[in-house]
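# Fold and geometry: a report
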Amino acid sequence: MSKIEECFNYFEKLFPEAKTELNFSTPFETLVAVILSAQCTDKRVNEVTKVLFKKYNTPKDFAKLEQEDLEKMIFSLGFYHNKAKNIIKMSKQVLEDYGGELPKTAEELEKLAGVGKKTANVVASIIFDEKVLGVDTHIFRVLNRLGLVDETTPNKTADSFMKKYPNYVNHDAHYRMVLFGRYHCTARNPKCDGCELKKFCKFFKENKER
Ligand code: SF4
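Residues numbered from 1 in each chain as written. Predicted model: local features only at pLDDT ≥ 70, side-chain atom pairs only at ≥ 80, totals over all residues.

### Some words on the site of the ligand
Lining the immediate environment of the ligand, one finds 13 residues, of which Cys185, Pro190, Cys192, Cys195 and Cys201 sit closest. Split by residue class, the shell around the ligand holds 9 nonpolar, 1 polar and 3 charged. (Near = placed C-beta within 6 Å. Nonpolar A, V, L, I, M, F, W, Y, C, P; charged D, E, K, R; others polar.)

### Quick word on helix α3 (residues 42-55)
Side chains three or four residues apart in an α-helix point the same way, a direct result of the helix having 3.6 residues per turn. In a regular helix each residue adds 1.5 Å, so 14 residues correspond to 20 Å; α3 covers 20 Å between its end C-alpha atoms and thus fits that length. Of all bends in α3, the biggest is about 35°, found at threonine 49. Where α3 is concerned, the buried positions are Val45, Thr49 and Leu52. Those residues of α3 that are buried are in contact with α2 (27-36) and α5 (67-74). (Helix = DSSP H or I, 4+ residues; strand = E, 2+ residues; numbered from the N terminus. Expected span 1.5 Å × (residues − 1). Bend = angle between axes of the 7 residues up to and from the residue. Buried ≥ 20, exposed ≤ 12 C-beta atoms within 10 Å, placed from the backbone. Contact = placed C-beta atoms within 7 Å.)

### Brief notes about the nonpolar core
As a rule of thumb, soluble globular proteins bury nonpolar side chains together. Among the nonpolar cores identified, the biggest contains 53 residues, and Ile87, Val123 and Leu143 are the most heavily contacted of them. No other element matches the 7 residues that α2 contributes to this core. The contact partners of leucine 143, leaving out residues within four places of it in the chain, are Leu148, Val149, Thr157 and Phe161. (Core = buried A, V, L, I, M, F, W, Y, C linked by C-beta atoms within 7 Å.)

### Structural notes on the packing of α2 against helix α8 (residues 117-128)
Two elements in contact, α2 and α8, have axes separated by 10 Å at closest approach and are oriented at 145°. Note that α2 runs across α8; the crossing there is right-handed. Across the interface between the two elements, Pro27, Thr30, Leu31, Val34 and Ile35 of α2 pack against Thr119, Val122, Val123, Ile126 and Ile127 of α8. Along the lines of polarity and charge, the residues of the contact of α2 with α8 split into 8 nonpolar, 2 polar and no charged. (Axes fitted to C-alpha atoms, helices over the stretch in contact; angles between N-to-C directions. Left-handed = near helix turned anticlockwise from the far one by under 90°.)

### Describing unusual backbone geometry
The phi dihedral of phenylalanine 79 is positive, around 50°, even though this residue is not glycine. Of note, phenylalanine 79 is situated in the loop between α5 and α6 (80-98). The phi torsion at aspartate 129 lies on the positive side, around 60°, for a residue other than glycine. You can see aspartate 129 is positioned in the loop between α8 and α9 (137-145).

### Here's the deal with the domain arrangement of the chain
In terms of domains, the chain is made up of domain 1 (3-18 + 133-207) and domain 2 (27-128). Each of domain 1 and domain 2 has a C-alpha centre, and the two are 27 Å apart. Those elements that provide at least two residues to the side of domain 1 that touches domain 2 are α10 (154-164) and α11 (171-183). For the side of domain 1 that touches domain 2, the element with the highest residue contribution is α10, accounting for 3 residues. Taken together, the residues of the side of domain 1 that touches domain 2 break down into 4 nonpolar, 4 polar and 1 charged. (Domains from an automatic or database assignment.)

### A word on the packing of α5 against α6
Between α5 and α6, the shortest axis-to-axis distance is 9 Å and the interhelical angle comes to 125°. The angle between the axes of α5 and α6 places the two elements in the oblique class. Here α5 runs over α6; the crossing is right-handed. Within the contact between the two elements, α5 uses Gln67, Leu70, Glu71 and Ile74 and α6 uses Tyr80, His81, Lys83, Ala84, Lys85, Ile87 and Ile88. When its residues are assigned to classes, the contact of α5 with α6 shows 6 nonpolar, 2 polar and 3 charged. (Parallel < 35°, antiparallel > 145°, perpendicular 65-115°, else oblique.)

Set out below in structure tokens:
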């Protein structure tokens, strides 16, 4: 069995349920939730969007909001000033440039305010099934620790992984990598004891192997 197969079999064994932990019910809500999730846990985003999306959940709703009012609603998520500014600007762009419908490719999504490559790729993959990988801090750490790629930034990691393992660019693989990084191969104190991937792991060899 190849290394990539072993890795993904193990991710699946640990996290058989591959799904996002963010809550949303429309493509537009997905983009807003992903923007809000920067530097913040999905759990906290869900607490805020549970209330927020009941009142506002379309580009029209957000475009009409005053920035200060949105800031108050998302204050607890951090970076609220920029997040509010970007969500309102992005909503106006969606209305003016795309007739109120979220554009359907990562390339176009990336043109919207506050939407970087990671966010664009995550949304295009989750909602529009595009074969792109949104590399967050968890995926970046996991893929580089395991030596599946050897890159210095999330964007380079995404490009390199896409080139080497295009068959592993899909929803389930994405969610499992995030869950593996969030709950098993954590930034601090990863669960290396008993980890079945330690034979491949650069981090383990450099830091824990005696
Ligand atoms: S051995 Fe440790 S650092 Fe390496 S993949 Fe497993 S948990 Fe992560």
